[in-house]
Amino acid sequence: MSRVDHAAGREQAWMAQRGGPDGGPPHELVRLLTRLVVAQTALAAAIGLPYSRRHLPSILITLMLVAALWGLGMVVRSGTHAAWIFAIGFETAFVLFGLYRFFTSRYLGGTLLALITLGALFHPAVARAFTSQPYRARQGFSETGLADGAEGALEGGTAG
């Protein structure tokens, strides 16, 4: 097995593990937004921690913000409509918090990247990516519900 084949196999395994909400590959725009949130997390830590200048409350606020952004990245990666709405709400709160912090202490931090991410979330193509049909539905797979699988289960006699 060549290196290229091995790398392709790892990529397919990665897609199966970290796919969309239904196990399929996530939409390209969902992956882009996930990368933006991860970059925002890294920048919030890289900018916020040196700026806090050993001031314990600032360090704790920055670490809580980084933890919340990390969680947001995990939620956005799912690619669901609820994740999109949650991301819009969280990014709006982050922008407002960043503007408040800018006006009180002239700290901009990751607010610019939050504005970029929020703008990307409001783009119509991204909204469609988060509200599109699941991957398996696009592929034509059917999902058997409980009513279909249990049809006739209560009729007739029992074995025994």
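Note that the structure is a prediction, hence the values are computed from the model and not measured.

**Q** What's the story with empty space enclosed by the protein in this structure? I'm lost.
**A** Regions of empty space are outlined by a rolling probe, equal in size to a water molecule, passed over the atoms. Tallying each qualifying case throughout the model produces 1 cavity of 30 Å³ or more. The volume enclosed by the largest cavity comes to roughly 90 Å³. Around the largest cavity, the lining comprises 13 residues; the ones closest to its centre are L65, F94, R101, Y107 and G110. With 4 residues, helix α4 (residues 81-105) is the single largest residue contributor to the lining of the largest cavity.

**Q** What's the story with the environment of T117 in this structure? I'm lost.
**A** Looking at the secondary structure, you find T117 in helix α5 (residues 111-121). Not counting chain neighbours up to four residues away, the residues in contact with T117 comprise L33, L36, V37, Q40 and E91.

**Q** Help me understand helix α2 (residues 28-51), please; the structure alone is not making it clear to me.
**A** In an α-helix, one turn spans 3.6 residues; hence positions three or four apart end up facing the same way. Taking 1.5 Å as the rise per residue, α2 with 24 residues should run 34 Å; its terminal C-alpha atoms sit 34 Å apart, in good agreement. What α2 keeps buried is the set V30, L33, T34, L36, V37, Q40, T41, A44 and G48. Buried-residue contacts for α2 involve α3 (56-76), α4, α5 and α6 (124-131). In the segment just after α2, R53 is the residue with positive phi, at about 50°.

**Q** What is the right way to look at the packing of α4 against α5 in this model?
**A** Geometry of a packed helix pair, given as the angle between the helix axes and the separation of the axes. Where α4 contacts α5, the axes come no closer than 9 Å and their chain directions differ by 150°. Between α4 and α5, the angle falls in the class roughly antiparallel. As for the relative orientation of α4 and α5, their crossing is left-handed in sense. The residues of α5 that touch α4, namely those facing W84, A87, I88, E91, T92, F94, V95, G98 and L99, are T111, A114, L115, T117, L118 and L121.

**Q** How should I be thinking about α6 in this particular structure?
**A** Among all positions in α6, only V126, A127, A129 and F130 are buried. On an axial view of α6, the arc spanned by its buried residues comes to 160°, and they lie on one face. For α6, exposure combined with an orientation more than 90 degrees from the buried face picks out P124 and R128. Each element contacted by the buried residues of α6 is listed here: α2, α3, α4 and α5.

**Q** I keep staring at a nonpolar patch on the surface and nothing clicks. Help me out?
**A** Residues L49, L56, L60 and L63 make up a contiguous nonpolar surface patch of roughly 360 Å² in combined accessible area. The leading source of residues in the nonpolar patch is α3, at 3 residues. Tracing the backbone shows L56 in helix α3.

Scoring rules and cut-offs
Residues numbered from 1 in each chain as written. Predicted model: local features only at pLDDT ≥ 70, side-chain atom pairs only at ≥ 80, totals over all residues. Heavy atoms only, no water. 1 Å grid on protein atoms, 1.4 Å probe; cavity = no way out; pocket = protein on both sides within 12 Å on 5 of 7 lines; lining within 4 Å. Points joined across faces, edges and corners; volume = space filled by probe spheres on them. Helix = DSSP H or I, 4+ residues; strand = E, 2+ residues; numbered from the N terminus. Contact = heavy atoms within 4.5 Å. Expected span 1.5 Å × (residues − 1). Buried < 20%, exposed > 50% of the residue type's maximum accessible area, 1.4 Å probe, protein only. Axes fitted to C-alpha atoms, helices over the stretch in contact; angles between N-to-C directions. Parallel < 35°, antiparallel > 145°, perpendicular 65-115°, else oblique. Left-handed = near helix turned anticlockwise from the far one by under 90°. Arc of directions from axis to C-beta. Patch = residues over 30% accessible without salt bridge, like charges linked within 9 Å, V, L, I, M, F, W, Y side chains within 5 Å. Areas by Shrake-Rupley, 256 points an atom, 1.4 Å probe, with all protein chains shown as cover. Salt bridge = Lys/Arg side-chain N within 4 Å of Asp/Glu carboxyl O.

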